[in-house]
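Here is what each chain is made of, one letter per residue.
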Amino acid sequence: MEKTRGIIILDPGHGQFGNKHTTRDGFYEGTQNFILASFLKTELETLGFDVRMTREKVEDNPELVERGSMSGKLGAVMFLSIHSNAPGGNPSDERYPMVRGAETFYSVSDLEGNAPIARALNEAVVRTMNTTDRGIKTRRHPENDSI
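Parameters at a glance
Residues numbered from 1 in each chain as written. Predicted model: local features only at pLDDT ≥ 70, side-chain atom pairs only at ≥ 80, totals over all residues. Heavy atoms only, no water. Helix = DSSP H or I, 4+ residues; strand = E, 2+ residues; numbered from the N terminus. Contact = heavy atoms within 4.5 Å. Areas by Shrake-Rupley, 256 points an atom, 1.4 Å probe, with all protein chains shown as cover. pLDDT = per-residue confidence, 0-100. Buried < 20%, exposed > 50% of the residue type's maximum accessible area, 1.4 Å probe, protein only. Arc of directions from axis to C-beta. Expected span 1.5 Å × (residues − 1). Core = buried A, V, L, I, M, F, W, Y, C linked by side-chain atoms within 4.5 Å. Pairing = 2+ DSSP bridges. Axes fitted to C-alpha atoms, helices over the stretch in contact; angles between N-to-C directions. Salt bridge = Lys/Arg side-chain N within 4 Å of Asp/Glu carboxyl O.

(A) Focus on the overall build of the chain. Helix and strand content of the chain: four helices and five strands. In sequence order, the chain lays out its α and β elements as β-α-β-α-β-α-β-α-β. Sequence separation of 24 or more characterises 62% of the internal contacts of the chain that already satisfy a separation of 6 or more. As displayed, the chain has an accessible area near 10,200 Å², and 52% of this comes from carbon and sulfur atoms.

(B) Main features of the confidence of the model for the chain. Overall, the predicted model of the chain reaches an average pLDDT of 79, with 78% of residues at or above 70. For the chain, the element scoring lowest by mean pLDDT is helix α3 (residues 96-99), at 66; strand β2 (residues 50-53) scores highest, at 95.

(C) Seen up close, helix α2 (residues 64-74). Looking at α2, one finds that the buried residues are R67, M70 and S71. Looking straight down α2, one finds that the buried residues subtend no more than 90° of arc, so they occupy a single side. Exposed side of α2, more than 90 degrees from the buried face: V65, G72 and K73 are the residues found there. On the buried face of α2, the contacting elements are β1 (7-12), β2 and β3 (78-82). Note on α2: the residue one or two positions beyond its end, G75, has a positive phi of about 70°.

(D) Region of interest: helix α4 (residues 115-129). Helix length check: α4, at 15 residues, gives a terminal C-alpha distance of 21 Å against a target of 21 Å (1.5 Å per residue), a fit within 8%. Where α4 is concerned, the buried positions are A115, A118, N122 and V126. All buried residues of α4 project into a common sector of 70° when viewed along the axis, lining one side. Residues of α4 that are exposed and angled more than 90 degrees away from the buried face: P116, R127 and T128. Summarising the contacts, the buried residues of α4 are in contact with β4 (102-105) and β5 (133-137). Backbone geometry just after α4 places N130 at a positive phi near 50°.

(E) Quick peek at the nonpolar core. Counting residues in each nonpolar core, the largest one holds eleven residues, listed as I8, L10, F34, A37, L44, F49, V51, M53, V58, L80 and I82. At the level of elements, β1, α1 (29-46), β2 and β3 are the ones that each hand at least two residues to this core. Here this core gets three residues from one element, more than from any other, and that element is α1. When residues no more than four places from it in sequence are discounted, the contact partners of I82 are D11, P12, G13, N33, L36, A37 and L40.

(F) Layout of the sheet that holds β2. Within the open sheet, the three strands sit side by side as β2-β1-β3. Their pairing is parallel. Only two strands of the sheet have a single partner each, and these edge strands are β2 and β3. Averaged over all pairs of adjacent strands, the angle between their axes in this sheet comes to 20°, without regard to strand direction. As paired elements, β1 and β2 share four bridges and run parallel to each other. Bridge pairing in β2 links I7 to D50. Contacting β1, β2 and β3, α1 crosses the sheet at an angle of about 165° to β1.

(G) Here's a closer look at the pattern of salt bridges. For the structure on display, the rule yields six salt bridges. With a closest N to O distance of 2.9 Å, D50 and R52 form a salt bridge. Here R52 falls in the partly exposed class, since its relative accessible area comes to 32%. The salt bridge involving E103 is made with K137; its shortest N-O contact spans 2.5 Å. Of the two residues, E103 sits in strand β4 while K137 sits in strand β5, which places them 34 residues apart along the sequence. E103 gets classed as partly exposed once you look at its relative accessible area, which sits at 22%. Judged by its relative accessible area of 27%, K137 is partly exposed. One network of salt bridges, in which partners are shared, links E103, R134 and K137.

Next comes the structure, spelled out in structure tokens:
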């Protein structure tokens, strides 16, 4: 068996019909995230990574704990959760630019030194999507500040 560069877990956020688009009928964040993750999986595999997805089929909708624990169970080098962060409702013209753009979160502890990877990934998304750079960030779990 060929050695890989490591396991990457892709987590296409939300279930198939999660977060309905506010202005485009038939578009859901969950479905679009799954499509994007499928393309990204193919690209990462060509770079030599073993890529697993938390949702193998678009209709899958595993619980958050199950999705998050995959990395530890499989010894992944990266867990990448993909979201669109829709503003909800119809934001005003003044508010929309405040919620537009790309942001990348990385581990609070950053034991693996992922900040530079997060920065490069965020910059690539900003360039590719021609969107606003909202930067890289960390965030503690709202119910457990140790994670």
